[in-house]
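A structural walkthrough
Each chain is listed here by its residues.
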Amino acid sequence: MCIINHGGFIFSIATVIIAAIFADILHVVPERHVGVYHRGGRLADAIAAPGFHFKVPFVTEVALVQISMQTDRVNNVICVPKDAATGIEFENVEVVHHLRRDKVLDIIKAYGVDYGRLWVHDTIHHEINRFCSAETSRAIYIDAFAILGDMLQEALQKRCDRHADGVVIVDVRVAKPVVIPDSIRKTFEAAEAERAAASAAEKVEDAAKQRVEEEHFRAIVAAESEAQESAIRSETSLKKAKAEADASAYRERSKADSGYYAAVREAEANRVLLTESYLRLQEARVWQNTAKAYFGEKIPNIMGFPTLARDSTDIPVA
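Residue positions within a chain follow its written sequence, with the count starting from 1. It should be noted that, the model being predicted, local features are given only for residues of pLDDT at least 70 and side-chain atom pairs only at 80 or more, the latter also being counted only at that level, while totals for whole chains, interfaces and linings use all residues. Working from all heavy atoms in the structure, the side-chain values ignore hydrogens and water.

**Details of the sheet that holds strand β8 (residues 167-174)**
By definition, two strands form a pair when at least two bridges between them are found by DSSP. Secondary structure elements follow DSSP: runs of H or I no shorter than four residues count as helices, runs of E no shorter than two count as strands, and numbering proceeds from the N terminus. Pairing is antiparallel across the open sheet formed by three strands, whose spatial order is β6-β7-β8. Pairing within the sheet leaves two strands with one partner each, and these edge strands are β6 (70-79) and β8. In this sheet, adjacent strand axes meet at a mean angle of 25° when their direction is disregarded. Two strands pair when backbone bridges link them, and strand β7 (residues 88-99) and β8 are joined in this way by seven bridges, in the antiparallel orientation. When the bridges of β8 are listed, Val-96 appears paired with Asp-171. In this description, contact between two residues means that some pair of their heavy atoms is separated by no more than 4.5 Å. To define axes, lines are fitted to C-alpha atoms, for helices over the stretch in contact only, and angles between the resulting N-to-C directions are given on a 0 to 180 degree scale. Contacts from helix α3 (residues 115-133) reach β6, β7 and β8 within the one sheet, and its direction differs from that of β6 by about 35°.

Below, the structure is given as structure tokens:
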């Protein structure tokens, strides 16, 4: 015999229903997200910040919208260049974007919570195909691949500014195609070889230019040094010659001054010494020392001493 406790069963059912209602009333908005609400299918005019929030159960639906940076990956994007019959496959394209908080309601109202599918995923396919259809295989693989990401970012941002204002495209990264056709690979290898050869030639040329510049600089330095040394030698020689000339002039002046002084002193001494009496005395001495005595009937005139001859009467005869 089975006895059913109707009171306990009803209590359990009520507990489950209350828990479900409470779980539907209380919800959490995580960090880097906002909550948007639909009441009866209509988008509410307010958004919820991160934290705990309440809503009317079974009437209001909440959707979490990420407003921080997020990366959408678009895989296996195929495009056909204008000069090829087969397509080129880009294995992976990454688009980094975020949604401005003040534009959340406008974007969700216009395009729904999955707005990224339309303005990121599908638009990448369209823009890459548009790019490839206008370029050659070489341009896609070699010439323009380095700027492909920037071109896609610019194109996506322009499209979002025109139709989905508030979606900000931060970066686009495109992975290099894994499978490269042989013709493109050979062209790429030839271009790389040509670029390497040009780079090597440029390095050799730069090294030669640098050596020439260094030699020219050394020649200029040597010439300037030689000119300075020559100027110093010339200045030294001029100073030495001037010093020698000054010394010689000083010696000549000293010698001239000495001779002049001696002549002046001698003249002064002569003026004092060579008096009339002194001269007559000297003349008399000379005559006395050289006088000769003559004996005979007639005494000759005395020759050689005019003064004594003139005044011979004053001189005694021996």
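**Quick notes on the nonpolar core**
It is characteristic of soluble globular proteins that their nonpolar side chains tend to be buried jointly. Core analysis: the largest hydrophobic core is formed by 38 residues, its most contacted members being Phe-90, Val-93, Ile-124, Ile-128 and Val-172. The element contributing the most residues to this core is α3, with seven residues. Excluding anything up to four places from it in sequence, Val-172 contacts Val-93, Glu-94, Val-95, Ile-124, Gly-149, Leu-152, Gln-153 and Leu-156. Residue types Ala, Val, Leu, Ile, Met, Phe, Trp, Tyr and Cys, when buried and joined through side-chain atoms within 4.5 Å, form a set referred to as a nonpolar core. Under the scheme applied here, a residue whose accessible area is under 20% of the maximum for its type counts as buried, over 50% as exposed, and between as partly exposed, the area being computed with a 1.4 Å probe on protein chains only.

**Quick notes on unusual backbone geometry**
A positive phi angle, close to 70°, is found at Arg-32, a residue other than glycine. Tracing the backbone through its elements, the reader meets Arg-32 in the loop between β1 (26-29) and β2 (33-39). Its identity as a non-glycine residue notwithstanding, Asn-76 has a phi of 55°, on the positive side. Position of Asn-76 relative to the elements: it lies in strand β6.

**Quick look at a nonpolar patch on the surface**
Nonpolar side chains (Val, Leu, Ile, Met, Phe, Trp, Tyr) within 5 Å and like charges within 9 Å form the patches, drawn only from residues with over 30% relative accessible area and no salt bridge. Accessible surface is estimated by sampling points in the Shrake-Rupley manner with a 1.4 Å probe; for residues, cover comes only from the protein chains shown. Note on definitions: salt bridges are taken to be side-chain nitrogens of Lys or Arg within 4 Å of carboxyl oxygens of Asp or Glu. A contiguous nonpolar surface patch, about 320 Å² in accessible area, is contributed by Val-56, Phe-58 and Val-59. Note that Val-59 resides in the loop between β4 (51-54) and β5 (60-66). Residue Val-59 is classed as partly exposed on the basis of its relative accessible area of 46%.

**Digging into the packing of aromatic side chains**
Pairing of aromatic rings covers Phe, Tyr and the six-membered ring of Trp, with a centre-to-centre limit of 6.5 Å; geometry is then stacked below 30 degrees between planes, edge-to-face above 60, and tilted otherwise. As enumerated under the stated definition, the model contains one aromatic pair in all. Here Tyr-111 and Trp-119 contribute two aromatic rings whose centre-to-centre distance is 5.3 Å and whose plane-to-plane angle is 80°, an arrangement assigned as edge-to-face. By relative accessible area, which is 9% here, Trp-119 ends up buried. Across the ring face of Phe-145, the terminal group of Lys-176 is positioned such that the distance to the ring centre comes to 4.1 Å. A ring is considered to have a charge above it if a Lys NZ or an Arg CZ atom is located within 6 Å of its centre and within 35 degrees of its normal.

**A few points about the state of the cysteines**
When two cysteine sulfur atoms are found within 2.5 Å, that pair is recorded as a disulfide. For the structure on display, the rule yields one disulfide. The residue that forms a disulfide with Cys-79 is Cys-132, at a sulfur-sulfur distance of 2.0 Å. Residues Cys-79 and Cys-132 are joined by a disulfide whose S-S torsion is about -50°; by sign, that bridge is left-handed. Taken together, the residues Cys-79 in strand β6 and Cys-132 in helix α3 connect sequence positions 53 residues apart. Across this residue pair, the class does not change: Cys-79 and Cys-132 are buried.

That's the geometry; what it means functionally is another story.
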